[in-house]
2 protein chains.
Amino acid sequence: MSPTLIGIDWGTSTRRGWAFGVDGAVLASGALPRGISTVADGGFAAVLRELAGAWTDGSVPIVLGGMIGSRQGWQEVPYLPCPASPDALAAGAQPIDTGIGPGWIVPGLSCQGPFGIADVMRGEEVQLLGAGIDAGVVLLPGTHGKWVRLEGGAATRFRTFMTGELFALLRTQSLLGRLMEPGGPDEAAFDAGVDRALDDPALTALLFSVRTEGLFGRIAPTALADYLSGLLIGAEVAAGLRDTGEVTAIIAEGTLAARYARALGRAGATVPRLVSGDEAASAGLLRIGRAIGEGRA
Amino acid sequence: MSPTLIGIDWGTSTRRGWAFGVDGAVLASGALPRGISTVADGGFAAVLRELAGAWTDGSVPIVLGGMIGSRQGWQEVPYLPCPASPDALAAGAQPIDTGIGPGWIVPGLSCQGPFGIADVMRGEEVQLLGAGIDAGVVLLPGTHGKWVRLEGGAATRFRTFMTGELFALLRTQSLLGRLMEPGGPDEAAFDAGVDRALDDPALTALLFSVRTEGLFGRIAPTALADYLSGLLIGAEVAAGLRDTGEVTAIIAEGTLAARYARALGRAGATVPRLVSGDEAASAGLLRIGRAIGEGRA
C-alpha cells in the first residue's frame, strides 16, 4: 500500500479517515468515536497516529477538515468569508506538524445571514466540494443542519438550523420524552408532524402537542419520537424552502436523508438527489489535497 | 385564628397554601418547594399536614388545585372540556380525605386546538377565576405558558407554548449555554431577540445565532441568556397574537410579566394589565371553595 494522500474528517463527536492512492482510489479507511470533544489538549497527535499511523512513512501529506480547525480543536484556522471557491479553501489551509507527516487544516466558512447575523460551518464545506455540485441549494441535515446556496462552485450563503440538537434534547431531557417508548419507525406520525409544522409556524406550541397527543392516546408511545422528528424537520423545511429555495441535493446518510426527502415531498418541493455524507467527505478531502499539492508544486 | 377555608395551589415544583377567614381575608400563608414531582405516592397527606396542619382542627374544608389532580398527583380528576364556567369547576371538584379535613381537588381544563390537537391546563383555571376577568385574552407565561380566550367568564379555548421549558433546556443543556456567563439583565439583547423572532418565523435557525453572535463578539457572554429569552418570547408573542389575539391581562410574577409586556409592546400590541400570580391563585381558590360550600349547603 502506497498512499499519496491521507484525508481526515475530524468532527465534534467522530473522526473518519481515508488513505488515497495515486489515482484517487481509497486504499484504506477507518472511523472511531474520537471526535474533538473526546480529546484533551495535546492529545490530537496520538489519536491521529492511532488511526492513520500505519498508512504513512512520514512523507504522505495529510489534509484535515471539520471542527479540528476550531478554537476547541488542534489548531484554530480562521473562517473564510463566503463566497469561497475551492481554490480559496485550498489556499486557506494552514500547515501543521502532525507528528506522522506534513498536515494542512482546511478553514471553515462564514457568511452573513438575516439581520446581519453571522453563520458558520466547519466540515460541510469539504462535503460540498466532494459532492461536485456547482449551483443550486444543498441541504446537509444533522445536529446543526445547513441549507447552502452554491453559485459557480462556491457557497454564496447558508443558514444553520438546530434541528438535530433540539430533537436529542427534547427526546432525552424534556417533559416530552417521558411518554415515549422505543419503537417505530412510524411514518404516519412523522408525516403528521411534518404537515402540521409546514402549515403552522407556532413551533413552540406544536411541540407541546407531543405531550397531549400522547396523553390522550391519539399517537402511540412508540410513535411519539417520530412525531417530534416530523415537527422539527417540517419547521426546518418550511423555513429553508422559503429562505433558501428548492433543494438540489441532500448530503447525509440513508435514514436521515430519506426523512428530509419525504418532508420535502410533503411540502410539494422537488425531491432532490441524495449524496452519501461519507463519500462526499472523502471526495472533498481528496480534491482539496490535490489542490494543495498543485499549489506547492 | 379561625379559618373557614384552606386553599392549596399544588404544582409540579412548588406548593403554596392560604388559610382564609370568614370574610375572605388571608389569615396565614406558606410555600415550600414540595411540588408533586418531589413527593412519592402515599406521601401527599404528610406534606399537606406539614404546611396546613396547624391551620385546622380537622373540620375546615380544603380546596386543592393544580397538578395535584393529575395522573402523577394525589388523585386523578378528569379534565373538564372548554368552555367551563366557574360553577362547572366547583361542581367538578372531587372529594378526597386529606387526613386533616375534608378536601376537594379542582379539575383541570382541556380544549381542542388547531388540527384537533387537545390542549390541557391544571392550576391556571384557578388563577383565571381569581383574576376576575370575564372576557378577552389572558396570558399566563411560564414553563408551559398559556394564551387563554375567555368569554362570559369561561375559558373557551387556549394554547400552550413550551417557552419556559425550552429556555431552561437550551441554557443549561445545549451548545448555546456554553458561551453564556452570569450577568444582566440586558434589555438591548432581549429586544434584539424579540424583534428578530417577531420578524422571522425560522426559530430553529435563529436559535443558532445565540452561538454565532457570541462567537463573533456581537453580543456579550453576560447578555446571551437575555438574547435567547427574547427569541423564545418573541416567537411566542408573534404566534399568540396571530392565533389568539390582543392580550387583556398577564398573570405572572413581576420580572416575567414585565418581559412579556415589553415584548408585546415591541410587537405593537396593547400593553395589558398585570395581575400577580400568587394573588390570582389565592383568590381563585377562595372563589371555588365558596362555590363548593354553597353547592353543599
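Residues numbered from 1 in each chain as written. Chains lettered and ligands numbered in written order. Predicted model: local features only at pLDDT ≥ 70, side-chain atom pairs only at ≥ 80, totals over all residues. Heavy atoms only, no water.

Colleague: Honestly, helix H3 (residues 124-131) of chain B in this entry has me stumped. Any pointers?
Modeller: Since one α-helical turn is 3.6 residues long, residues separated by three or four positions face the same way. Residue and element names in this part refer to chain B. For H3, the buried fraction is high: seven of the eight residues fall into the buried class. For H3, the set of buried residues is Glu124, Glu125, Val126, Gln127, Leu128, Leu129 and Ala131. Directly beyond the C-terminal end of H3, a positive phi value near 65° is found at Gly132. (Buried < 20%, exposed > 50% of the residue type's maximum accessible area, 1.4 Å probe, protein only. Helix = DSSP H or I, 4+ residues; strand = E, 2+ residues; numbered from the N terminus.)

Colleague: I would appreciate a short explanation of the relation of the copies chain A and chain B in the present structure.
Modeller: One copy of the chain maps onto the other through a rotation about an axis plus a displacement along that axis. Taken as rigid bodies, chain A and chain B are interconverted by a rotation of 180° and an axial shift of 0.0 Å, the fit giving an RMSD of 0.0 Å. Considering both components of the superposition, the chain copies are consistent with a two-fold axis. Residue A:Pro201, judged by its C-alpha, is the member of chain A lying nearest the rotation axis, at 3.2 Å. Take the interface residues of chain A: 100% of them recur as interface residues in chain B, which is what a same-surface contact looks like. (Least-squares fit on C-alpha atoms with pLDDT ≥ 70 in both. Contact = heavy atoms within 4.5 Å.)

Colleague: Can you walk me through the interface of chain A and chain B in this structure?
Modeller: A common measure of how large an interface is: the accessible area buried when the components associate. Contacts between the two partners involve 48 residues from chain A, matched on the other side by 48 residues from chain B. Interface of chain A and chain B: buried area, both sides summed, is about 3,900 Å²; carbon and sulfur atoms make up 69% of it. Of all residues in chain A, the largest losses of buried area upon contact with chain B belong to A:Phe115, A:Thr204 and A:Phe208, amounting jointly to 17% of the total for that side. Counting across the interface, chain A meets chain B through two salt bridges. One can count ten residue pairs in polar contact (both at pLDDT 80 or more) joining chain A with chain B. (Buried area = accessible area lost by both parts, 1.4 Å probe. Salt bridge = Lys/Arg side-chain N within 4 Å of Asp/Glu carboxyl O. Polar contact = N/O pair within 3.5 Å; in protein donor to acceptor, adjacent residues only side chain to side chain.)

Colleague: Even after reading the chapter, I still don't get the packing of aromatic side chains, so can you show me in this structure?
Modeller: All names here are of chain A. Under the defined criterion, the tally for this structure stands at ten aromatic pairs over all chains. When the ring of Trp10 is compared with that of Trp74, the centres are 6.2 Å apart and the planes differ by 75°; the resulting orientation is edge-to-face. One end of the pair, Trp10, is in strand S1 (residues 5-10); the other, Trp74, is in the loop between strand S4 (62-65) and strand S5 (80-81), with 64 residues separating them in the sequence. The class for Trp10 is buried, based on a relative accessible area of 0%. In textbook terms, an aromatic cluster arises when at least three aromatic residues are bridged by ring pairs, as seen for Trp10, Phe44 and Trp74. Against the face of Trp10 rests Arg15, its NZ or CZ located 5.7 Å from the ring centre. (Phe/Tyr/Trp six-rings, centres within 6.5 Å; stacked < 30°, edge-to-face > 60°. Lys NZ or Arg CZ within 6 Å of the ring centre and 35° of its normal.)

Colleague: Before we go on, may I ask you to explain the sheet that holds strand S14 (residues 273-275) of chain A in this structure?
Modeller: Hydrogen bonds between backbone groups are what pair the strands of a sheet, and the pairing can be parallel or antiparallel. Residue and element names in this part refer to chain A. Read from one edge to the other, the open sheet built from five strands follows the order S12-S11-S10-S13-S14, with strand pairing classed as mixed. Where the open sheet ends on each side, the last strands, each with one partner, are strand S12 (154-161) and S14. Taken pair by pair, the neighbouring strands of this sheet meet at an average axis angle of 20°, ignoring direction. Pairing of strand S11 (residues 145-151) with S12 involves seven bridges; the strand directions are antiparallel. Bridged to Leu150 within S12 is Ala155. Against the sheet, helix H3 (residues 124-131) makes contact with strand S10 (136-140), S11, strand S13 (249-251) and S14, and its axis sits at roughly 125° relative to S10, the strand it touches most. (Pairing = 2+ DSSP bridges. Axes fitted to C-alpha atoms, helices over the stretch in contact; angles between N-to-C directions.)

Colleague: Is there a simple way to think about the sheet that holds strand S8 (residues 109-112) of chain A in this case?
Modeller: Residues and elements named next belong to chain A. In spatial order, the strands read S5-S8-S9; together these three strands make up an open sheet with mixed pairing. The strands lining the two open edges of the sheet, one partner per strand, are S5 and strand S9 (118-121). Where S5 and S8 come together, two bridges link them in parallel fashion. Bridging across to S8, Pro81 finds its partner in Ser110.

Colleague: Looking at this structure, how should I read the nonpolar core?
Modeller: Proteins that are soluble and globular tend to have nonpolar side chains buried together. The biggest cluster of nonpolar side chains holds 49 residues, and the ones touching the most others in it are A:Leu207 and B:Leu207. If you tally residues by element for this core, the top one is helix H8 (residues 224-243) of chain B, at seven residues. What B:Leu207 contacts, discounting residues up to four positions off in sequence, is A:Met162, A:Leu166, B:Leu170, B:Leu176, B:Leu228, B:Leu231 and B:Leu232. (Core = buried A, V, L, I, M, F, W, Y, C linked by side-chain atoms within 4.5 Å.)

Colleague: Which parts of the structure should I look at to understand the packing of helix H4 (residues 163-173) of chain A against helix H8 (residues 224-243) of chain A?
Modeller: The description of two packed helices rests on the angle between their axes and on the distance between the axes. Residue and element names in this part refer to chain A. Orientation of H4 relative to H8, taken along the N-to-C sense of each, is 150°, at an axis distance of 10 Å. Between H4 and H8, the angle falls in the class roughly antiparallel. Where H4 crosses over H8, the two elements pack in a sense that is right-handed. Judged by residue contacts, Thr163, Leu166, Phe167, Leu170 and Arg171 of H4 engage Ala225, Leu228, Ser229, Leu232, Ile233 and Glu236 from H8. Of the residues contributing to the contact of H4 with H8, the split by class is seven nonpolar, two polar and two charged. (Parallel < 35°, antiparallel > 145°, perpendicular 65-115°, else oblique. Left-handed = near helix turned anticlockwise from the far one by under 90°. Nonpolar A, V, L, I, M, F, W, Y, C, P; charged D, E, K, R; others polar.)

Colleague: Looking at this structure, how should I read the pairing of S10(A)?
Modeller: Looking along a regular strand, one sees side chains alternate from face to face of the sheet. Residue and element names in this part refer to chain A. Among the five residues of S10, five are classified as buried, and the element is accordingly described as predominantly covered. Judged by which residues are buried, S10 turns out to be covered on both faces: Gly136, Val138 and Leu140 on one side and Val137 and Leu139 on the other are all buried. Sheet topology note: the S10/S11 ladder contains five bridges and is antiparallel. Residue pairing for S11: Leu140 is matched across the bridge by Lys146. Hairpin connection between S10 and S11: a loop of four residues separates the two successive antiparallel strands, and Gly142 in this loop has a positive phi of roughly 160°. The sheet contact formed by S10 and S13 spans two bridges and is parallel. From the neighbouring strand, Val138 faces S13, where its bridge partner is Ala249.

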